[in-house]
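Observations on the model geometry
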Amino acid sequence: MSIEVIERHESQVRTYCRHFPALFKRAEGSHVFDSQGRRYLDFLAGAGSLNYGHNNPYLREALISHLNENGICQSLDLYTTAKAEFMEAFFDHVLTPRNLADYRVQFVGPTGTNAVEAAFKLARKVTGRAQIVAFTRGFHGVSLGALAASAENGKRRAAGQPLNNVLRAPFEGYFGQKVDTIAILEKFLDDPNSGWEAPAAFVVEVVQGEGGLESASPSWLQRLAALASRLGSLLIVDEIQTGCGRTGDFFAFEASGIKPDLICVSKSISGFGLPMSLLLIRSEHDQWAPGEHNGTFRGSNLSFVTAAAAIRHYWLTDDFIDEVRANAVIVRSGLNEIASRHRGVTVMGRGMMLGLRFSAEGRADAVSRACFEQGLIVETCGPHGNTLKLLPPLTTPEALLEEGIEIIARCTALSEPRTELLAGAA
């Protein structure tokens, strides 16, 4: 058993394994272990799909119990007890407390990009319009519709055909903090000679997971929601990476007080790293005819089981999210300390979706590779890969968070010549 066997036969499209070239065998909590038994602290967490850690014991117990009882695994969109239990937990303990009980849940294919595709199709059906307004540095997936709304040129070129019916608008802060990007949008959309027309929808990430951890402020989101409402356009919020507690609330948009028309949810919604994706639809927009958007694997009962277990264990009280917020303070403080010691380093992100942006090209990648050599898995994102992105499991103990920050601090210092360190740096 070797990496060479995989490399010989797997497509060249693979990415993460190129940056973290180990043969991993098992995982527990915030750690993964390779075939030689070496321990790695995991600040990648399945690209944010393991908010509750690897092989979470509460979720694993529910999953094993379901399998031991010959519980249904595949069911298309048939009614099952596993689906009913997830829906009950999700509405009782997530949606209702957040005044979102008037939403319908659509189970789409098992990937986040399929939730985005469904959102675009439904927005176009509801409004009778074609255009989607997406934002600079946004990322929504690599299937053709979602890819059209994604900004990264390298991924867009792989489409091999035109990517149409999307207008690109500047995200908050794209031209600096003094430029009001909502005012720019309003100018284009209110001017009958601008060449723009009212779109079917706006699609936005509250924190741009692949775009460098840029964050939208509550006031900016409120103004975007008001603009969409005035134009008769739908507002789609992509919570695929930000959802399930990652930013300090179950949904990242909660702090703004808005109610999006459509909400895309995936990654950690299953709680266990199992494939699961859904679209939340304000009830007045649930205008699908039966089967208009379907898929064989939209009935993942194993995911329903672990998702329900995650909600019932972590979301019945505020204890879990209070702990996430407290840990976010610890991580941000540690990153601020690192940034204060180095020129051209800025702390980005929100909640437990944080990172370091480096002004020097290639430095984030150098830090990531050095961290891996020292037993920490942490990826990069943003234009030119200039941001080190931390996505530790939300269940990571404080001591392990501090261990990870210490590794990042060492590797950041190692990546920079001593003459470039600010006075007082270690």
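Residues numbered from 1 in each chain as written. Predicted model: local features only at pLDDT ≥ 70, side-chain atom pairs only at ≥ 80, totals over all residues. Heavy atoms only, no water.

**What to know about the overall build of the chain**
What counts here: Only DSSP runs of H or I with at least four residues qualify as helices, and only runs of E with at least two residues qualify as strands; both kinds are numbered from the N terminus onward. With the radius of gyration taken over C-alpha atoms, the globule rule is written as 2.2 Å times the number of residues to the power 0.38. In this scheme, a residue with accessible area under 20% of its type's maximum is buried, one over 50% is exposed, and one in between is partly exposed, where area comes from a 1.4 Å probe on protein chains only. Here, residues are in contact when the closest pair of their heavy atoms is within 4.5 Å. Only the protein chains shown count as covering a residue, and every accessible area follows the Shrake-Rupley method with a 1.4 Å probe.
If you tally the helices and strands in the chain, you get 14 helices and 15 strands. Relative to the globule expectation of 22 Å for 426 residues, the C-alpha radius of gyration of the chain, 22 Å, shows essentially globular dimensions. The dimensions of the chain, computed from C-alpha atoms along their principal axes, are 60 × 60 × 45 Å. Here the chain, with 426 residues, has 53% of them falling under the buried criterion. When contacts within the chain are restricted to residue pairs at least 6 apart in sequence, long-range pairs at least 24 apart make up 72% of them. Only carbon and sulfur atoms are counted for the fraction: they give 51% of the accessible area of the chain, which is about 18900 Å².

**Let's talk about the sheet that holds strand β1 (residues 24-28)**
The criterion, for reference: A pair of strands is labelled paired if DSSP reports no fewer than 2 bridges between them. What counts as an axis is a line fitted to C-alpha atoms, over the stretch in contact for a helix, and the angles between N-to-C directions run from 0 to 180 degrees.
Strand order in this open sheet of four strands is β1-β2-β3-β13, and the pairing throughout is mixed. The open sheet is flanked by β1 and β13 (376-377), the only strands paired with a single partner. Here strand β3 (residues 39-42) pairs with β13 via two bridges, running parallel. Bridge pairing in β13 links D42 to I377. With respect to the sheet, helix α14 (residues 398-414) is in contact with β2 (31-34), β3 and β13, its orientation differing from that of β3 by roughly 95 degrees.

**Some words on the pattern of salt bridges**
To be explicit about the condition: Any Lys or Arg side-chain nitrogen located within 4 Å of an Asp or Glu carboxyl oxygen qualifies as a salt bridge.
Applying the stated criterion to the full structure yields 19 salt bridges. R98 is the partner of E254 in a salt bridge, and the nearest nitrogen-oxygen pair spans 3.0 Å. In this pair, E254 is assigned in the loop between β8 (234-238) and β9 (262-265) and R98 in the loop between α5 (81-95) and β4 (103-107), connecting sequence segments 156 residues apart. On the accessibility criterion, E254 (24% relative accessible area) is partly exposed. Its relative accessible area of 22% is what places R98 among the partly exposed residues. Measuring nitrogen to oxygen at the nearest pair gives 2.9 Å for the salt bridge that ties D365 to R369. Here D365 and its partner R369 are both found in helix α13 (residues 363-373), four residues apart, which amounts to about one turn of the helix. Assessed through its relative accessible area of 23%, D365 is described here as partly exposed.

**What to know about the nonpolar core**
Cut-off, in case you're wondering: Among the buried residues, those of types Ala, Val, Leu, Ile, Met, Phe, Trp, Tyr and Cys that are joined through side-chain atoms within 4.5 Å form a nonpolar core.
Of all hydrophobic cores here, the largest spans 89 residues; its most connected members are F86, F90, L185, F202, F251 and L280. When near neighbours in sequence (up to four residues on either side) are disregarded, L185 contacts V133, F135, A169, W196, F202, L224 and L227. Counting 28 residues, the second-largest nonpolar core is a separate cluster that includes A115, I132, A149 and I236.

**Some points on the pairing of β1**
When β1 meets β2, the two strands line up antiparallel, connected through four bridges. By the bridge assignment for β2, F24 is matched with D34. If you look at the hairpin formed by β1 and β2, you'll find two residues sitting between the two strands, and G29 has a positive phi there, around 60 degrees.

**Observations regarding the side chain of N51**
Let me state the cut-off plainly: Nitrogen and oxygen atoms within 3.5 Å of one another constitute a polar contact, given that in protein one can donate a hydrogen and the other can accept it, and given that sequence-neighbouring residues count only through two side-chain atoms.
Structurally, N51 can be placed in the loop between α3 (45-48) and α4 (57-68). For N51, the side chain forms a polar contact with the main-chain oxygen of G243, separated by 3.4 Å.

**Regarding the sheet that holds strand β12 (residues 353-358)**
Strand order in this open sheet of four strands is β11-β12-β15-β14, and the pairing throughout is antiparallel. Both edges of this open sheet fall to β11 (345-350) and β14 (379-381), since each of them pairs with a single strand only. Averaged over all pairs of adjacent strands, the angle between strand axes in this sheet comes to 30 degrees, irrespective of strand direction. Pairing geometry for β11 and β12, over six bridges, is antiparallel. Note on β12: the bridge partner recorded for G349 is L354.

**Looking at the packing of α4 against helix α11 (residues 301-314)**
Filter applied, for reference: Our angle categories are set so that under 35 degrees counts as roughly parallel, over 145 as roughly antiparallel, 65 to 115 as roughly perpendicular, and the remainder as oblique. Crossings are sorted by hand: turned counterclockwise from the far helix by less than a right angle, the near helix makes the crossing left-handed, and turned clockwise it makes it right-handed. Gly is put with the polar residues, along with every residue not named as nonpolar or charged; the nonpolar set is Ala, Val, Leu, Ile, Met, Phe, Trp, Tyr, Cys and Pro, and the charged set is Asp, Glu, Lys and Arg.
Interaxial distance between α4 and α11 falls to 9 Å at its minimum, and their mutual angle equals 140 degrees. When the axis of α4 is compared with that of α11, the two are oblique. The element α4 and its partner α11 pack so that their crossing is right-handed. When α4 is examined against α11, the residues Y58, L59, A62, L63, H66 and L67 are found in contact with a partner set consisting of N301, L302, V305, T306, A309, A310, H313 and Y314. Of the residues contributing to the contact of α4 with α11, the split by class is 10 nonpolar, four polar and no charged.

**Here we look at unusual backbone geometry**
In this structure, A47 takes a positive phi of about 55 degrees despite not being glycine. Its location among the elements puts A47 in helix α3. Positioned with a positive phi, N99 is a non-glycine residue whose angle comes to about 60 degrees. Turning to its location among the elements, N99 is positioned in the loop between α5 and β4.

**Here's the deal with α5**
Note the following rule: Here the expected length of a helix is defined as 1.5 Å per residue gap, with one fewer gap than residues.
Taking 1.5 Å as the rise per residue, α5 with 15 residues should run 21 Å; its terminal C-alpha atoms sit 20 Å apart, in good agreement. Those residues of α5 hidden inside the fold are in contact with α4, β4, β10 (278-282) and α11.

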